[in-house]
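As a plain string of letters, each chain reads:
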Amino acid sequence: MGRPEPVVLFAQTILHSQLDEYVDEVLFSEPVVITACEFLEQNAAPSTPNISLVGATSPPSFALEVFVHCDGESRFRRLCLPFLYSHSSSNVLEVEAIVTNHLVLRGTYRSLTLVIYGNTAEDLGQFNIELGLDHSLANVVSSPSEGKFEDLPPALRSSKFKFEESLSSIKPLSFQSTDLDLSLEVKKILYLALKMHQIPNVENLIPDLGSAVISAVSKYVTNSNCMPHSWNQDLADGFSKSNLDPQESNNVHTEASNELFEIWKNVHSVAATRFGDDGFAVGLEELPTTKTILELFNNSFPYYRNCSLLDLQCPSQNNWLVMSLSLVLLICSSKESCFYFVDAGGMEQIINLLCWNTPKSTATTLLLLGIVENATRHGVGCEAFLGWWPRSDRNSIPTGSSDGYCSLLKLLLEKERHDIASRATYVLQRLRFYEILSRYESAVIKVVSNLPSDELSADRVSFLIFASSELAEMSKLIKICGPIEDPSPEAIARRISKSSHLEDSLSFKATIGLITSSKYSFLQFDTDSCLLSLIQERGFFPLSAALLSSPVMHLASGPAAEILMEITSSIESILLSLLFCRSGLSFLLSQPEATELIVLSLQDGKDMNKTECITLRHAFVLLSKGFFCRPQEVGMITELHLKVGSAANRLLAVPPNSDELLWVLWELCAISRSDSGRQALLALGYFPEAISVLLSSISKYKDLDSTMIKNGGSPLGLAIFHSAAEILEVLVADSTASSLKSWIGFAVDLHKALHSSSPGSNRKDAPTRLLEWIDAGVIYQRNGAVGLLRYSAILASGEDAHFSSGNVLVSDSMDVENVVADSNNTSDGQVIDNLLGKLVTNKYFDGVALCSTSVVQLTTAFRILAFISEDKAVASSLFEEGAITVIYIVLMNCKSMLERLSNSYDYLVDEGAELSSTTELLLDRTHEQALVDLMTPSLVLLINLLQILHGTKEQYRNKKLLTALLRLHREVSPRLAACAADLSFMLPSFAVSFGVVCQLITSALACWPLYNWTPGLFHCLLENVEPTNASVPLGPKDACSLLCLLGDLFPDEGIWMWNVEVPSLSAIRSLSTATILGPQVEKHVNWHLRPEHVSVLLVRLMPQLDRLARVIDNFATSALMVIQDMLRIFIVRVASEKIECAVVLLRPIFIWLNDKVDEASLSEGEVFKVHQLLKFIAKLSEHPNGKVLLWKMGIARVLNKLLKNCSNASYLEDKTISERGAYRSDQLMLKWRIPLFRCLASIFSAQPSGKEQTAIEE
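The text that follows walks through the structure, step by step, so that each part is easy to find.

Definitions and cut-offs
Residues numbered from 1 in each chain as written. Predicted model: local features only at pLDDT ≥ 70, side-chain atom pairs only at ≥ 80, totals over all residues. Heavy atoms only, no water. Helix = DSSP H or I, 4+ residues; strand = E, 2+ residues; numbered from the N terminus. Buried < 20%, exposed > 50% of the residue type's maximum accessible area, 1.4 Å probe, protein only. Areas by Shrake-Rupley, 256 points an atom, 1.4 Å probe, with all protein chains shown as cover. Salt bridge = Lys/Arg side-chain N within 4 Å of Asp/Glu carboxyl O. Axes fitted to C-alpha atoms, helices over the stretch in contact; angles between N-to-C directions. Parallel < 35°, antiparallel > 145°, perpendicular 65-115°, else oblique. Left-handed = near helix turned anticlockwise from the far one by under 90°. Contact = heavy atoms within 4.5 Å. Pairing = 2+ DSSP bridges. Nonpolar A, V, L, I, M, F, W, Y, C, P; charged D, E, K, R; others polar. Arc of directions from axis to C-beta. Polar contact = N/O pair within 3.5 Å; in protein donor to acceptor, adjacent residues only side chain to side chain. Disulfide = S-S within 2.5 Å.

1. So, the overall build of the protein chain
Alright, step 1. What the protein chain contains, in helices and strands, is 55 helices and six strands.
Alright, step 2. Counting only residues that meet the buried cut, the protein chain has 55% of its 1258 residues in that class.
Alright, step 3. Surface summary for the protein chain: the accessible area is close to 53,500 Å², and the carbon and sulfur share equals 52%.

Structure below.
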């Protein structure tokens, strides 16, 4: 009898509430022989046909380990090697047959559908047995936390993060802090220069010594991090050059010291002959200490101790002064040598030289500023220049003015050259920062030292207030970074001339710089490393951690508690701002102890959900807008980014195509499973070296697999390939310019690597999705902006449908390449007209459905076009090429596809279908998000083009575009309203995404009334509403769009002025643009909210106020809170601008109320309407401007009459009334009481004015 066929031993989905690292076990009631394990992906069926199980494994890829326990063994053994579960690879795991009754799974997943094949050990060799799935042969126990399994083999890498792991033996990404001591090459330069200066009659013996020293110093400082802001000629280049090649710098430094040594060798023999060898021998094998070199310097240049010894009128002394200042520049480059220089009184003489009224050359002034800049990198230099050195009491800050600070201000007021003014500005900013840092330190020490255990004294409260104000200012200063552009006409002319010399103004080479400098980023430049060094030196984070962890946090109440919340928010804001740049993240990784202290103090020992928190951008914008962000959230966000920074550091240290590399990639993939994790993964863009490793991992896959084609490829190489592609996909899918610029430069190389390495699967795996995202980048590199626009037109028209299904990329088609590359033969929009003309002229055109690939490719294309269109010349050229036509077609397509999606999310499953409503809901949400991602850059590009049109001062007529925008807003605004009505604070991504689209549409539509274009916007909105007709022909969808649009056309009403509850739509509006596009973009998007524009909008709106009043009267009784919120937001915003206009809006409501309160009896419908209007008035009165408006409308009389009616109804409640209708009406009136009392409480909550007091008394 042969061995029986394997049967199904276990088939089930292991489901957890969230994504995390889990250890799950399968226990069998008797020993079994396991022969294979199958893992089913989403909606997949098992290979055995008689099992009614649908796969639900999530996420799409993760690392997994499988263990078994064999009888008689003390430890678990691995059933197979650790492997990468992925949709793109075979998910049937063939294993060597083994007898066990206990199987354990370990991995980072949310759900896992597992089928185990094998036989029972007892029946092997006897008979074949069929096991039903309802048979209790196996039980599953999920044990993510309570199960310990200490006897499992150790995991290759734990997913638990430790701060100590941030520092590795190899530190390629370490923070470039200030030097503690002079380098060997600097000591050589100083020592040689000083020894040669001591030679008698040195002026005649070495006439060019001063020039040689200055040359050597110049070479040193221009090839080091000594002066990143001010020594480079091009300040912008100085900022972008964050990392210099260490080997190149060392070579230049060695060359500088060798030049001086050659001079010394030439004159040494002459000096020894004339004056003897004593005192002039230089041994470079063992250089003197820093202190000895400083003593030698003071002996050579005594006027640094006594300024009266210096005579600038003497040419020889003036020449030696310039040389000595060059040496001081080097001396102040390290902390120790700067201390000796300051302690000897050198900084006082530098200040005296700056303050000296004797005219100084530009070179001397620049050298003095360079010395001050180098010295103020250290705390001792800042204190000396501010006049605080030495401080007798380290916990108190000296008062009075600073001569050094005043001298720099004087330089600015004298309108010096730009290089002098910019360097003075940098130093002033740093000195101000150090002053704030020191004052904060002093205040916190006074708060936390000798703190009583039961109370917070008034003195300490005052110190808290002081610390809070200093922190708020420091939070602003640390975000001010970037080069100071020269505002002079000559510099502007040079920049324009530089750009105009490029042959093709729309080529990749000509426009790539616009992406780099785009404002659609959170931080364009690194945080100043000098400020970070001062933060580290003063112990800012440990001190702040002590404050956050001190008992004072629990003792405070009332105003003191509010101050502590402000302090916490400022600390959070500073910490989060450091996570947006390379220098900040490297700085936090470079001091793990201090970072650990601040993160633990924020988390406060609370055990929170580690897998889901709000994103970095959301938290940053929340804090910047005055909202409170939980400290625990900030701590978790910081941990995630530190994990990414640590992984980036390890990526450069591990060998290529190794297990170590795979585990680092898996760690990054695990982080990307949540929204917050994906944003943390964007930090890889700060490190081009890490991106190069990912690109190399993809490029090398084909070469590594060439010897294993017969076996289907190397499992290790395949896992690395897919993991690297998944990580890069997160980066290329991001919406900001900072992420785009991190990969756009190597789009072609990545495209080639993916094409040559892709296994050719038809599934939407990570490499295939990545190819779709970068496709537009390849077109942009090859054919520039014009080619990219024509490529977008092809996609928007739906013409990609005729390509073969095996063609992943539209750009691979020869037809498309011929069209987009033909930029010289046809221009001025003719190509676009040929592609899209039929669609535009078709009056029945209602959009076409695009495939998901086209949506993704268009998204990247429009992001590139939107970012480069910030430049007016580029925007003008794109307009001439027909960009607005392409945008119109895309927006119509998006509108059409949104219409096809269900708004209720109530899905019906066809009979016999296996798909779940939850799956359908997620697919629709994913499709909606993809469309939002496409609409956002399309609308940004449209706004830039419309602004260019206004510059031409020509009348623009485009009714189709206006109608398309209004119809699109009609589809998006209800979705925003639905999200606002059920807004989850933890997951606001959909609400914020819909909010930014609505704001962008409003920004584009504002051009019509403000520029007086035709047709009129307000006429189109209200043409069907008659001011004399009580019925309003508007459905809920149209009303929602109308009210949302009108509300967004006017400035914020001041969301913190609402007394009870901030309308969710106001909160979304204040957060959406900054969260999606960056804080710097808000003013550009909200251009129509400037005072001069708002006044024009009101003038244009006034003829339509009566029609709007009918709309408000019709919808004020709506039971939908989101509609009522839209109404009160719009009314309060209009009242804030011009209360007379708001009076017109409310007039029909109050005319009706005044009529009805005097009537003896009301119908049930009228009673209900009064009830709803009272609720609306109560909500409206929660804002001070709404309250003023209500007083102006005569609310006191209405409330007085309604109160009497309620009183009468209450008296009649206990009496028997024969007429049933009257009794019913009186009962309904009693329901007025709650909203009526809310109105009274809100209306009379504040101190009334004189007229209001009279009304109250009545």
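That covers the picture; the talk isn't over yet.
2. So, the pattern of salt bridges
Alright, step 1. Scanning the model with the defined rule gives 37 salt bridges in all.
Alright, step 2. Two residues, R975 and E971, come together in a salt bridge whose shortest N-O distance is 3.7 Å. With R975 and E971 both in helix α39 (residues 959-981) and four residues apart, this pair spans about one turn of that helix.
Alright, step 3. A salt bridge links E1166 to K1156; the shortest N-O distance between them is 2.8 Å. Separated by 10 residues along the polypeptide, E1166 in helix α50 (residues 1164-1180) and K1156 in helix α49 (residues 1139-1156) bring together distant segments of the chain.
Alright, step 4. Look at the salt bridges and you will find they share partners, linking E928, R970, E971, R975, K1037 and D1038 into a network.

3. Here we look at the packing of helix α40 (residues 989-1005) against helix α43 (residues 1036-1048)
Helix-helix packing: each pair is described by the crossing angle between the helix axes and the interaxial distance.
Alright, step 1. Axis separation between α40 and α43 bottoms out at 9 Å; the angle between their running directions is 70°. Regarding the angle of α40 to α43, the classification is roughly perpendicular. For the element pair α40 and α43, the recorded crossing hand is right-handed. Residues C998, Q999, T1002 and L1005 of α40 form the contact with α43, whose participating residues are C1044, L1045 and D1048.

4. Thoughts on unusual backbone geometry
Alright, step 1. With an omega dihedral of 5°, the bond running from S58 to P59 counts as a cis peptide bond.
Alright, step 2. In this fold, P59 is placed in the loop between β1 (7-40) and β2 (61-68).
Alright, step 3. Here T1014 and P1015 are connected by a cis peptide whose omega angle stands at -5°.
Alright, step 4. Positionally, P1015 belongs in the loop between α41 (1007-1010) and α42 (1017-1022).
Alright, step 5. Unlike most non-glycine residues, N657 shows phi in positive territory, near 50°.
Alright, step 6. Mapped onto the elements, N657 comes out in the loop between α24 (631-651) and α25 (659-671).
Alright, step 7. Located in the positive-phi region is N1012, a residue other than glycine, with phi close to 60°.
Alright, step 8. Summarising the element assignment, N1012 is placed in the loop between α41 and α42.

5. Focus: the pairing of β2
Alright, step 1. Counting buried positions along β2 yields eight of eight residues, so the element is predominantly enclosed.
Alright, step 2. Burial along β2 is two-sided: the face carrying S61, A63, E65 and F67 and the face carrying F62, L64, V66 and V68 are both buried.
Alright, step 3. Of the pairings in the sheet, the one linking β2 to strand β4 (residues 83-86) comprises four bridges and is antiparallel in character. Bridge pairing links S61 to S86 in β4.
Alright, step 4. Here β2 runs beside strand β3 (residues 77-78); their pairing, made up of two bridges, is antiparallel. The residue of β3 that forms the bridge with F67 is R78.

6. Examining the packing of helix α21 (residues 582-590) against α24
Alright, step 1. At a minimum axis distance of 10 Å, the contact between α21 and α24 shows a crossing angle of 90°. When the axis of α21 is compared with that of α24, the two are roughly perpendicular. Counting all contacts with α21, which are made through L585, L588 and L589, the residues of α24 involved are H641, L642, G645 and S646.
Alright, step 2. For the contact of α21 with α24, a count of residues per class yields four nonpolar, three polar and no charged.

7. Quick notes on helix α12 (residues 403-413)
Alright, step 1. G404, S407, L408 and L411 are the residues of α12 that are buried. Down the axis of α12, the buried set is contained in an arc of 95°. They therefore lie on one face. Residues of α12 that are exposed and angled more than 90 degrees away from the buried face: D403 and L413.
Alright, step 2. Check the buried side of α12 and you find it contacts α9 (346-355), α10 (362-375), α11 (379-386) and α13 (418-448).
Alright, step 3. Looking at the residues trailing α12, positive phi occurs at K415, about 55°.

8. A closer look at the environment of D734
Alright, step 1. Mapped onto the elements, D734 comes out in the loop between α29 (715-732) and α30 (737-743).
Alright, step 2. Along the sequence, D734 and R678 sit 56 residues apart, while their C-alpha atoms lie 9.2 Å from each other.
Alright, step 3. A distance of 2.8 Å separates polar atoms of two side chains, one belonging to D734 and the other to R617.

9. Thoughts on the state of the cysteines
Alright, step 1. Taken as a whole and judged by the stated rule, the model has zero disulfides.
Alright, step 2. No disulfide involves C355; its nearest neighbouring cysteine sulfur is the one of C406, lying 8.1 Å away.
Alright, step 3. The exposure class assigned to C355 is partly exposed, which follows from its relative accessible area of 35%.

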